[in-house]
Amino acid sequence: MKFFIDTANLDQIREAQELGILDGVTTNPSLMAKEGITGQDNILAHYVKICEIVDGDVSAEVISTDFDGMVKEGEALADLHEQIVVKLPMIKDGVKACKYFTDKGIRTNVTLVFSAGQALLAAKAGATYVSPFLGRLDDISTDGLNLIEEIRLIYDNYAFDTEILAASIRHTMHVIDCAKLGADVMTGPLSSITGLLKHPLTDIGLEKFLQDYQKGNK
Ligand code: G3P
């Protein structure tokens, strides 16, 4: 399972990278705005900074909603750095743009996916990644994990290459449940990754080991 961090915060990206387990980064316009990154030139420069920190894929989202706009923006994003994956919304022109980029060998991440049918379309268009938004489904009392399970079944039935990128992950149990269901990738906040480290018995056990060492080495 690949671990992506879902943020545009450079310190958090560095922290995850230094842990040695980071496979990539996902961003979106909301995450960029949260970091105060505004203006197209600054946004593009920020993507390059992220690519220089991590070794893996960095999803950069278009803001156009029409085919021509998405193609123009996506090509500029892909030209920025070899690690960039063009992130496209799951709308009609997004599917068309996904197919266009697939044919050109440019990698894509189809985002804002909330149903198995949308995920099937993304795979048909050759998306590199599909991003089902687990947490946002949970927010409206709909089982987000069930969607991951459905997409896994459908993709396996037809051996689609599109990787399931479980997105809108909010906490550690989402990560573990997605791993059980066979999601290829998770993307979540730093806390959903570092939270996996924690167990009180580890802390208690370590303290005891160190105390016993001190006793024996006085
Ligand atoms: O990767 C998608 C993500 O950014 C959405 O997460 O927590 O805003 O639903 P959230």
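Keep in mind it's a predicted model, so treat the numbers as computed, not measured.

## Some words on the overall build of the protein chain
Then, number 1: When helices and strands are counted, the protein chain shows 11 helices and eight strands.
Then, number 2: When the backbone C-alpha atoms are referred to their principal axes, the protein chain occupies close to 75 × 40 × 30 Å.
Then, number 3: Counting every position in the protein chain, which comprises 218 residues, the buried fraction comes to 48%.
Then, number 4: Nonlocal contacts in the protein chain, meaning residues at least 24 apart in sequence, comprise 56% of its contacts between residues at least 6 apart.
Then, number 5: Looking at the protein chain as shown, the accessible area adds up to about 11,200 Å², and 54% of this sits on carbon and sulfur atoms.
Then, number 6: Charge-centre separation for the protein chain: the mean point of 20 positive side chains lies 2 Å from the mean point of 32 negative side chains.

## Some remarks on the site of the ligand
Then, number 1: The environment of the ligand is formed by Asp6, Asn28, Phe133, Arg136, Ala167, Ser168, Arg170 and Thr187.
Then, number 2: Between asparagine 28 and the ligand, the recorded distance is 2.8 Å, taken from a side-chain N or O atom to an oxygen atom.
Then, number 3: A distance of 2.7 Å is found between an oxygen atom of the ligand and a side-chain nitrogen or oxygen belonging to arginine 136.
Then, number 4: Computed on the free molecule, the ligand has an accessible area of 300 Å², of which 82% lies beneath the protein chains in the complex.
Then, number 5: Class assignment for the residues of the shell around the ligand results in two nonpolar, three polar and three charged.

## Section: helix H6 (residues 116-124)
Then, number 1: Among the residues making up H6, those that are buried are Ala116, Ala119, Ala122 and Ala123. Viewed end-on, H6 has its buried residues packed into an arc of 115 degrees, placing them on one side of the element.
Then, number 2: In this structure, the buried residues of H6 make contact with helix H5 (92-104), strand E5 (108-113), strand E6 (129-132) and helix H8 (144-158).
Then, number 3: Once H6 ends, the next one or two residues include glycine 126, with phi positive near 85 degrees.

## Structural notes on the sheet that holds E5
Then, number 1: Around the barrel, eight strands lie side by side as E1-E2-E3-E4-E5-E6-E7-E8; this closed barrel has parallel pairing. Taking the axes of each pair of neighbouring strands and ignoring which way they run, one obtains an average angle of 30 degrees across the sheet.
Then, number 2: Pairing between strand E1 (residues 2-6) and strand E8 (residues 185-188): four bridges, direction parallel. Bridging across to E8, lysine 2 finds its partner in valine 185.

## Some thoughts on the side chain of serine 64
Then, number 1: Relative to the assigned elements, serine 64 resides in the loop between strand E3 (57-61) and helix H4 (67-80).
Then, number 2: There is a polar contact of 3.4 Å between the side chain of serine 64 and the backbone oxygen of glycine 69.
Then, number 3: Engagement of the side chain of serine 64 in a polar contact is seen with the side chain of glutamate 73, the distance being 2.5 Å.
Then, number 4: Setting aside residues up to four positions removed in sequence, serine 64 forms contacts with Gly69, Met70 and Glu73.

## What to know about the nonpolar core
Then, number 1: Core analysis: the largest hydrophobic core is formed by 57 residues, its most contacted members being Ile5, Ile13, Val25, Leu88 and Cys178.
Then, number 2: With sequence-adjacent residues up to four places away left out, isoleucine 13 is seen in contact with Ile5, Thr7, Ala8, Leu22, Val25, Ile50, Ile53 and Val54.

Cut-offs applied
- Residues numbered from 1 in each chain as written.
- Predicted model: local features only at pLDDT ≥ 70, side-chain atom pairs only at ≥ 80, totals over all residues.
- Heavy atoms only, no water.
- Helix = DSSP H or I, 4+ residues; strand = E, 2+ residues; numbered from the N terminus.
- Buried < 20%, exposed > 50% of the residue type's maximum accessible area, 1.4 Å probe, protein only.
- Contact = heavy atoms within 4.5 Å.
- Areas by Shrake-Rupley, 256 points an atom, 1.4 Å probe, with all protein chains shown as cover.
- Lys, Arg positive; Asp, Glu negative; His and termini not counted.
- Charge placed at Lys NZ, Arg CZ, Asp CG, Glu CD.
- Near = heavy atom within 4 Å.
- Polar contact = N/O pair within 3.5 Å; in protein donor to acceptor, adjacent residues only side chain to side chain.
- Nonpolar A, V, L, I, M, F, W, Y, C, P; charged D, E, K, R; others polar.
- Arc of directions from axis to C-beta.
- Pairing = 2+ DSSP bridges.
- Axes fitted to C-alpha atoms, helices over the stretch in contact; angles between N-to-C directions.
- Core = buried A, V, L, I, M, F, W, Y, C linked by side-chain atoms within 4.5 Å.

Take it as geometry only, folks, not as evidence of what the structure does.
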